[in-house]
Amino acid sequence: MSYQEMKASVERLPTQAPKFDTERCLVVPLGPDKARELLAVLLQDELLAAQLPWMVEKTADGARKEAFLIGMQCAAETTLVWGIVERARGAYIGAVIARSAIEGLDVEVLCASQFWNQGIADEAGWPVAEWLEEHAAVELVPAG
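My aim in this report is to walk through the structure given alongside it, one point at a time.

Thresholds applied
In this numbering scheme, every chain counts its residues from 1 along its sequence in written order. Under the rules for a predicted model, residues below a pLDDT of 70 receive no local features and side-chain atom pairs below 80 are neither given nor counted, while totals for whole chains, interfaces and linings still include all residues. Side-chain descriptors were evaluated using all non-hydrogen atoms of the structure, hydrogens and water having been removed beforehand. Only DSSP runs of H or I with at least four residues qualify as helices, and only runs of E with at least two residues qualify as strands; both kinds are numbered from the N terminus onward. For each residue, the accessible area found with a 1.4 Å probe, counting protein chains only, is set against the maximum for its type, and the residue is called buried under 20%, exposed over 50%, and partly exposed in between. Working rule for contacts: check all heavy atoms of both residues, and any pair within 4.5 Å makes them a contact. For two strands to count as paired, DSSP must find a minimum of two bridges between them. To define axes, lines are fitted to C-alpha atoms, for helices over the stretch in contact only, and angles between the resulting N-to-C directions are given on a 0 to 180 degree scale. Pairing of aromatic rings covers Phe, Tyr and the six-membered ring of Trp, with a centre-to-centre limit of 6.5 Å; geometry is then stacked below 30 degrees between planes, edge-to-face above 60, and tilted otherwise. Two conditions define a charge located above a ring, namely a distance within 6 Å from the ring centre to NZ of Lys or CZ of Arg, and an angle within 35 degrees of the ring normal. Residues belong to a common nonpolar core when they are buried Ala, Val, Leu, Ile, Met, Phe, Trp, Tyr or Cys residues joined through side-chain atoms within 4.5 Å.

### Observations regarding the overall build of the protein
Counting its regular elements, the protein contains four helices and seven strands. Going residue by residue from the N terminus, the α and β elements of the protein occur as β-β-β-α-α-α-β-β-β-α-β. Going through the 144 residues of the protein one by one, you find that 41% of them count as buried. Residue pairs in contact within the protein that sit at least 24 positions apart in sequence constitute 64% of those at least 6 positions apart.

### Concerning the environment of Phe115
With respect to the helices and strands, the residue Phe115 is situated in the loop between β6 (104–111) and α4 (120–135). According to the relative accessible area criterion, Phe115 is buried, its value standing at 5%. For the pair formed by Phe115 and Ile93, sequence separation is 22 residues and the distance between their alpha carbons is 7.5 Å. Apart from the residues within four sequence positions on either side, Phe115 is in contact with Glu86, Arg89, Ile93 and Ile120.

### Some words on helix α1 (residues 32–42)
Taken together, the buried positions of α1 are Ala35, Leu38, Leu39, Ala40 and Leu42. Buried residues along α1 sit against β3 (25–30), α2 (46–50), α3 (60–75), β4 (79–86), β5 (91–101) and β6.

### Here's the deal with the pairing of β3
Here two bridges tie strand β2 (residues 20–21) to β3, and the two strands are oriented antiparallel to one another. Within β3, the residue paired with Phe20 across the bridge is Val27. Taking the residues that link successive antiparallel strands as the turn, the β2-β3 hairpin has three residues. In this sheet, β4 lies alongside β3 in antiparallel orientation, the contact comprising six bridges. Residue Val27 lies in a different strand from β4, and its bridge partner there is Ile84.

### Digging into the sheet that holds β6
In spatial order, the strands read β2-β3-β4-β5-β6; together these five strands make up an open sheet with antiparallel pairing. One side of each edge strand has no neighbouring strand; the edge strands of this open sheet are β2 and β6. Packing of α1 onto the sheet brings it into contact with β3, β4, β5 and β6, and relative to β5 it is tilted by some 115°. Against the sheet, α3 contacts β4 and β5, and its axis sits at roughly 115° relative to β4.

### Remarks on the packing of aromatic side chains
Under the criterion given, the structure shown has two aromatic pairs. Residues Phe20 and Trp82 carry aromatic rings whose centres are separated by 6.4 Å and whose planes lie at 50° to one another, so their mutual orientation is tilted. Of the two residues, Phe20 is situated in strand β2 and Trp82 in strand β4; the sequence distance between them amounts to 62 residues. Aromatic ring contacts, followed pair by pair, group Phe20, Trp82 and Trp131 into a single cluster. Stacked on the ring of Trp54, the Lys or Arg Arg99 has its end atom at 4.6 Å from the ring centre.

### Side note on the nonpolar core
By size, the foremost hydrophobic cluster in this structure holds 39 residues, and its most contacted members are Leu39, Val81, Trp82, Ile84 and Leu110. Elements represented by at least two residues in this core include exactly β3, α1, α2, α3, β4, β5, β6 and α4. Those residues in contact with Val81 that lie beyond four places of it in its chain are Val28, Pro29, Leu30, Ala35, Leu39, Ile70, Cys74, Ala95, Val96 and Ile97.

This is the structure we're talking about:
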C-alpha cells in the first residue's frame, strides 16, 4: 500500500491527564473552560505573543480568539492543556499545550515573559512530554 492510500490516525489524547510536581511548580491538567481562561490572559503578554507564529492577531482580542479556539480543541479532545503554577506564589505563570497534528503531537510550553530564562519551560515541559510519549500514539491506517 502506498502513502497516497494511507491517512494518519491520531489517537485521541488521553483524557485522564495527570498532575506533575516539579521542584518549583505544579503542572496541573485543565478542562476546556479553565484552559480558555488561563490562555486568554497569558496570550495577552506582548513578548510571548510575538514569539507565537500561530497567533496571527497579537492583540487582546486575538488572545481571546486563540484561547477560545484552544478551549474548543480541549472539548473535542484534540488538545490537552496543563497550567503551570509557581509554588512560591501559588499563581499560574504558564501553560503546556499538547495538540494532535498530522505529524504527531505538537507540545508547546508557554511562560509569561517575566519567567523566561529561568528554566521553567524545561522543568514543566519534560514530565508532560515523557508522559505523552508513553500514553499517546500516531499510526498510519488505510484511507477509506
